[in-house]
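Listed below are the residues making up each chain.
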Amino acid sequence: MVSTWDRGLAPGYACGIIDKMISAAHPFQTDDPRLRPIHDKVMAHDRLDADDALALYRTGDVLAIGWMANLVREQMHGDRTYFNVNRHLNPTNVCVAACRLCAFGRKKDTPGAYTMALEEAFETAASGYSEAVTEFHIVGGLHPDLPFQYFLDLISGLKQRFPQVHLKAFTMVEVAYLSKRAKLSIRETLEQLKAAGVDSLPGGGAEIFADRVRHIICDHKIDGDQWLDTAKLAHQIGLKSNATMLYGHVENDEDRVDHLLKLRALQEETGGFQTFIPLAFHPYNTPLQHLPKTTGMLDIKQIAISRLVLDNFPHIKAYWQMMTAKIAQIALRFGADDIDGTVVEEKIYHDAGATTPQGMRREELVRLIREAGREPIERDTLYRPVTRTETSVTVAV
Ligand code: SF4
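For every chain, the first residue of its written sequence is number 1, and the numbers climb from 1 along that sequence. Two thresholds apply to this predicted model, a pLDDT of at least 70 for residue-level local features and 80 or more for giving and counting side-chain atom pairs, whereas whole-chain, interface and lining totals are computed over all residues. Note that water and hydrogens are dropped before the side-chain values are worked out from all heavy atoms of the structure.

Enquirer: Can you tell me about the overall build of the chain, naming the residues and giving the values?
Expert: Check the secondary structure of the chain and you find 14 helices and 12 strands. Throughout, the radius of gyration refers to the C-alpha atoms, and the reference size of a globule is 2.2 Å times the residue count to the power 0.38. Radius of gyration (C-alpha) of the chain: 20 Å, near the 21 Å computed for a compact globule of 397 residues. Judged by the C-alpha coordinates and their principal axes, the chain covers about 60 × 50 × 40 Å. In the chain, buried positions account for 59% of the 397 residues. For the chain, the share of sequence-separated contacts (at least 6 apart) that also reach a separation of at least 24 residues comes to 76%. Method for areas: the Shrake-Rupley scheme with a 1.4 Å probe, in which residue coverage is limited to the protein chains shown. For the chain, the exposed surface amounts to about 15,600 Å²; the carbon and sulfur share of it is 53%. For this count, His and the chain ends are skipped, Lys and Arg are scored as positive, and Asp and Glu as negative. For the purpose of locating charges, the reference atoms are NZ of Lys, CZ of Arg, CG of Asp and CD of Glu. Looking at the chain, you have 45 positive and 52 negative side-chain charges, and the mean spots of the two groups are 1 Å apart. Secondary structure elements follow DSSP: runs of H or I no shorter than four residues count as helices, runs of E no shorter than two count as strands, and numbering proceeds from the N terminus. Buried residues are those whose accessible area, probed at 1.4 Å on protein chains only, stays under 20% of the maximum for their type, while exposed residues exceed 50% and partly exposed ones sit between those limits. Pairs of residues are marked as contacts when any of their non-hydrogen atoms sit within 4.5 Å.

Enquirer: Which residues make up unusual backbone geometry, and what values do they have?
Expert: Residues apart from glycine generally show negative phi values, whereas peptide bonds are mostly found in trans. Within the chain, Asn-285 stands out as a residue other than glycine whose phi angle is a positive 65°. Relative to the helices and strands, Asn-285 is located in the loop between strand S7 (273–280) and helix H12 (296–309). In this structure, Asp-340 takes a positive phi of about 70° despite not being glycine. Mapped onto the fold, Asp-340 is located in strand S9 (residues 338–341).

Enquirer: Before we move on, can you summarise a negative patch on the surface with the specific residues and values?
Expert: For patch detection, residues must exceed 30% relative accessible area and be free of salt bridges, and they are connected within 9 Å for like charges or within 5 Å for nonpolar side chains (Val, Leu, Ile, Met, Phe, Trp, Tyr). Salt bridge, as used here, is a side-chain nitrogen of Lys or Arg placed within 4 Å of a carboxyl oxygen of Asp or Glu. Taken together, Asp-211, Asp-223, Asp-225 and Asp-229 make up a surface patch of like negative charges. Among the secondary structure elements, Asp-229 is positioned in helix H10 (residues 224–236). On the basis of relative accessible area, Asp-229 is assigned to the partly exposed category, the value being 47%.

Enquirer: How would you sum up the side chain of Ser-306? Please name residues and give values.
Expert: Relative to the elements of secondary structure, Ser-306 occurs in helix H12. Ser-306 sits in the buried class, given a relative accessible area of 0%. Not counting chain neighbours up to four residues away, the residues in contact with Ser-306 comprise Phe-276, Pro-278 and Ile-316.

Enquirer: Describe helix H14 (residues 362–371), listing the residues and the values that go with them.
Expert: Every buried residue of H14 is accounted for by Leu-365, Val-366, Leu-368 and Ile-369. Looking straight down H14, one finds its buried side chains confined to an arc of 160°; they lie on one side. Within H14, the exposed residues directed more than 90 degrees away from the buried face are Glu-363, Arg-367, Arg-370 and Glu-371. On the buried face of H14, the contacting elements are strand S1 (80–84), helix H13 (320–331), S9 and strand S10 (375–378). Note on H14: the residue one or two positions beyond its end, Gly-373, has a positive phi of about 80°. Throughout, the arc means the angular range of directions from the helix axis out to the C-beta atoms.

Enquirer: Summarise the site of the ligand; cite the residues concerned and give the values.
Expert: All residues adjacent to the ligand are Cys-95, Ala-97, Cys-99, Leu-101, Cys-102, Phe-104, Leu-142 and Lys-221. Note on residue classes: Ala, Val, Leu, Ile, Met, Phe, Trp, Tyr, Cys and Pro are nonpolar, Asp, Glu, Lys and Arg are charged, and everything else, Gly too, is polar. When grouped by side-chain class, the residues that make up the shell around the ligand number seven nonpolar, no polar and one charged. If a single non-hydrogen atom of a residue is within 4 Å of a molecule or strand, that residue counts as near it.

Enquirer: Any details on the pairing of S1? Residues and values, ideally.
Expert: The side chains of a regular strand alternate between the sheet's two faces. The buried count for S1 comes to four of five residues, which makes it a mostly enclosed element. Sheet topology note: the S1/S10 ladder contains four bridges and is parallel. Across the sheet, the residue bridging to Arg-80 is Glu-375, located in S10. Here S1 runs beside S9; their pairing, made up of two bridges, is parallel. Residue pairing in the sheet places Tyr-82 in a bridge with Asp-338 of S9. By this definition, two strands are paired if DSSP reports at least two bridges between them.

Enquirer: Can you break down the state of the cysteines residue by residue, with the values?
Expert: The criterion for a disulfide is a pair of cysteine sulfur atoms lying within 2.5 Å. Under the counting rule described, the total for this entry stands at zero disulfides. Counting only cysteine sulfurs, Cys-99 is the nearest neighbor of Cys-218, a cysteine outside any disulfide, at a range of 5.3 Å. Residue classification places Cys-218 among the buried positions, given a relative accessible area of 1%.

Enquirer: Break down the packing of helix H3 (residues 50–58) against helix H11 (residues 253–270) for me, citing the residues and quoting the values.
Expert: The contact between H3 and H11 brings their axes to 10 Å, and the two run at 130°. The angle between H3 and H11 places the two elements in the oblique class. Seen along the crossing, H3 lies across H11 with a hand that is right-handed. Contact with H3, carried on its side by Ala-50, Ala-53, Leu-54, Tyr-57 and Arg-58, involves Asp-253, Glu-254, Arg-256, Val-257, Leu-260 and Leu-261 of H11 and no other residues of that element. For the contact of H3 with H11, a count of residues per class yields seven nonpolar, no polar and four charged. Lines fitted to the C-alpha atoms define the axes, with helices restricted to the stretch that makes contact. Angles between their N-to-C directions range from 0 to 180 degrees. The cut-offs work like this: below 35 degrees is roughly parallel, past 145 is roughly antiparallel, 65 to 115 is roughly perpendicular, and the gaps in between are oblique. In this scheme the handedness of a crossing depends on how the near helix is turned from the far one: anticlockwise by less than a right angle means left-handed, clockwise means right-handed.

Enquirer: Before we move on, could you go through the sheet that holds S9 and cite the residues and values that matter?
Expert: Pairing between the strands of a sheet comes from backbone hydrogen bonds, and it takes one of two forms, parallel or antiparallel. In spatial order, the strands read S9-S1-S10; together these three strands make up an open sheet with parallel pairing. On the outer flanks of this sheet lie S9 and S10, each paired with one strand and no other. When strand polarity is set aside, the average angle formed by the axes of neighbouring strands in this sheet is 25°.

Enquirer: Residues and numbers for helix H2 (residues 35–43), please.
Expert: Residues of H2 that are buried: Leu-35, Ile-38, His-39 and Val-42. Take H2 and look down its axis: the buried residues cluster within an arc of 105°, on one side only. In the core, the buried residues of H2 are packed alongside H3, helix H4 (62–77) and H12.

In structure tokens form, the structure reads like this:
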């Protein structure tokens, strides 16, 4: 097995206070004997197994995990830290599913339910910050009445109006639902979406693959195997995607490890995943609101473990909207190399009580990254560097 960090990667640089704490320039230290053999494997570029991943979840020595994850991150990316100028677009929150994890979806004709007419969606896409976006991130509910043609028209209409913008649209869950509505196979559905202008897929809806957990948090959506099969088909027809894991609710360490290993196995087969995004569960306004929010310790640990276990994923994202900008900034020293983007208008996690701003200006993202001692790189969705002047945006191809 050749892991990603074996494949011609830049050495890291040591700078900044946190870097002095966790850097290859400073010896690895731990008082947890379970981490010693894992450290040896990381140094030898050997793949971690399920027992190693469980040991990482069960240790309290987050600095030791961070040391290893930071080492790998710097071997892969040096100081380079990616962000993008994007806009979220949620065409409808009407949803036939009633996932207990969700505060966004609404039943048709209930208070707060909305569905954008196509023109409204195009106007919303054009609104927000004046900075030219390079990506629309488009996800929404599973609407019982909207025909497949609405989504094809949405995509082709956006492509026509914003030909330079990458369309990252529809989770595996939405694709599977649209295929049912259109009475098409998943492959045919993906092919039609691609022909209309979808450029890649986001990573949402994966939640936790384990059936036991899915029955509690989202028993109305596709199961874990169907999510993975849909991702595989997308990759097979040339669409890249991301992958997520929703953590911090009713799952246990074994469920998290199972989820990560299934993603790693599929990546080994297709190579179609770009970025892994661990998503902290936000319980407010959901049927699970009796659960506590995740802690900073778990958020940081999850980033570091993701970097170490998902050795064939090029990127690990600290999604600032979910984990706050402050924790995401620290995560850049614990394995993350991406902090997501400007977003402009985030609805899904704010309906669930996220207290972060709905969007962030480009220069604020740059400042966050620089203050973490890292080098900000504006990227497009496919991680090609973007050069921006007052009058133009150029993507290096
Ligand atoms: S998580 Fe997605 S599928 Fe589930 S209720 Fe919310 S919008 Fe619908």
